[in-house]
Amino acid sequence: MDDHFLRRQEERKRQERLKRAKRKNMIIYIETLVIFVLMVALVVVSINYVSLKGEITDIPPESTVSGSFSGPAVDTSSSDALKAELDKWYMKLVNPDNAVDRNFISSVDRGEINSRYTSGSESSKTLDKRVIEHFENMCKDAANDGITLISISSYRTYAYQEGLYKNRVQRCINEGLSRAEAEKKAATIVALPGTSEHHLGLAVDINSVEESFENTSAFRWLKENAENYGFILRYPKDKQGITKIIYEPWHYRFVGVEHAKAMNDLGMCFEEYVDYLKNGGVS
C-alpha cells in the first residue's frame, strides 16, 4: 500500500470521527434545549396555578357589616351573618308598623353637630354620637365640591314629633278634611310620634323640606355620594307604597357605608332590604 492510499484512509477515519462528534453534540444540544423548554413550561404552569389558586381562595365570603352585599348569599354562614345585622344599632327599623317607646327615644346618646352644618334651630343640632363624624365628613367633602349641606332637622323628642303631627292634622282639617281623613293624610307626611326615624338620631333632613329640592345641585351630589358616608335616601319616589311615607328627597338615614351601597345596588328601600336580610340575602 502506498503512502497516498494510507493518507486517504486516515482522512476518511478522521472525517467519520468528526461526524460522530457533531451528531453527539447535536443530540446533547437538542436534549438540553428540550429540557430547558420543559422547565420553562413547568414554571409557567406553576405560576398560573398559584395565581388561580390565590384568586379562588382569596374571594371573601358574603360579609357582614364590612362586606358588600351584591347578591344573594350562597352559604349558611353568610346567611346567618346577614340576619345578624338586623340586631345592629344602625339597622333599627322604625316606620308606621314599627314604633319605639319614649324610654328608647330619651336614651339615645346624642352629640352636637358642628354648627357650620346646622340651620341653628334646636331640632337640627344633634344626632347619635356614632353618626356625627359621618355626617360632618359628608358636609365637608360636599363643601369642597362647592355644595352646601346643612341639617335642618335631626334628632327629635317624642313631644316635638307629637307637636309636628298635630300641626299637620290641623292644617289638613283647615283644608276641608274630616278629622279621621286629616289624621290619615297627616301620617303620610309627618310620622306619628314614636314612628319617626328622627327619634333614633340616625336621620337628618337636609337643606329643605320641599320636593323641589330634587332639582338642586345638592340633591344631585347626595344621589351620587351619600352612600359613601353611609346614608341612604330613606323615602324614594317609587317606593311610597312600601314605606307608606311620601317622597322626601331631603330625608337621609344612616345605615353604614356597606349597607347603603348594597341597598342602592339592589334598588331597594330600607323595608325591602330588611326583608332581604331576614331571608339571609335572598330577594
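Everything here concerns the structure above.
Residues numbered from 1 in each chain as written. Predicted model: local features only at pLDDT ≥ 70, side-chain atom pairs only at ≥ 80, totals over all residues. Heavy atoms only, no water.

Asks: Mind showing me how you'd approach the nonpolar core here?
Replies: Nonpolar side chains tend to gather and get buried jointly when the protein is soluble and globular. Of all hydrophobic cores here, the largest spans 48 residues; its most connected members are Phe135, Met138, Leu149, Ile206, Leu222 and Phe231. The set of elements that each furnish at least two residues to this core consists of α4 (129-144), β4 (203-206), α7 (217-225), β5 (231-235), β6 (248-254), α9 (257-266) and α10 (270-278). Broken down by element, the residue count for this core peaks at six residues, all from α4. Sequence-distant contacts of Leu222, that is, excluding residues within four places in its chain, are made with Met138, Leu149, Ile206, Phe213 and Tyr252. Cys172, Ala182, Ala186 and Val190 belong to the second-largest nonpolar core, a separate cluster that totals six residues. (Core = buried A, V, L, I, M, F, W, Y, C linked by side-chain atoms within 4.5 Å. Buried < 20%, exposed > 50% of the residue type's maximum accessible area, 1.4 Å probe, protein only. Helix = DSSP H or I, 4+ residues; strand = E, 2+ residues; numbered from the N terminus. Contact = heavy atoms within 4.5 Å.)

Asks: What am I meant to see in the packing of aromatic side chains here?
Replies: Any pair of aromatic rings gets described here by the distance separating the centres and the angle formed by the planes. Here the structure, examined in full by the defined rule, presents seven aromatic pairs. For the ring pair Phe135 and Phe231, a centre distance of 6.3 Å and an interplane angle of 70° mean the geometry is edge-to-face. Taken together, the residues span a long stretch of sequence, with Phe135 in helix α4 and Phe231 in strand β5 at a distance of 96 residues. Residue classification places Phe135 among the buried positions, given a relative accessible area of 0%. Here Phe231 falls in the buried class, since its relative accessible area comes to 1%. Relative to Tyr229, the ring of Trp221 has its centre 6.1 Å away and its plane inclined at 25°; by these criteria the two rings are stacked. Assigned by exposure class, Trp221 and Tyr229 land together as buried. One aromatic cluster is present, built from ring pairs that chain together Trp89, Tyr90, Phe135, Phe231 and Phe254. Sitting over the ring of Trp89, Arg130 keeps its end group 4.0 Å from the ring centre. (Phe/Tyr/Trp six-rings, centres within 6.5 Å; stacked < 30°, edge-to-face > 60°. Lys NZ or Arg CZ within 6 Å of the ring centre and 35° of its normal.)

Asks: Sorry, what's going on with the sheet that holds β6 here?
Replies: Spatial strand order, β3-β4-β6-β5: four strands in an open sheet with antiparallel pairing. Each edge of the open sheet is held by one strand with a lone partner, namely β3 (151-153) and β5. Here the strands of the sheet are splayed against their neighbours by 50° on average, with no regard to which way each runs. By the bridge criterion, three bridges tie β4 to β6 in an arrangement that is antiparallel. By the bridge assignment for β6, Asp205 is matched with His251. (Pairing = 2+ DSSP bridges. Axes fitted to C-alpha atoms, helices over the stretch in contact; angles between N-to-C directions.)

Asks: Teacher, can you tell me more about the side chain of Thr126 here?
Replies: With respect to the helices and strands, the residue Thr126 is situated in strand β2 (residues 126-128). Engagement of the side chain of Thr126 in a polar contact is seen with the side chain of Arg110, the distance being 3.2 Å. Residue contacts for Thr126: discarding those within four places in its chain leaves Arg110, Gly111, Glu112, Ile113, Ser154 and Tyr155. (Polar contact = N/O pair within 3.5 Å; in protein donor to acceptor, adjacent residues only side chain to side chain.)

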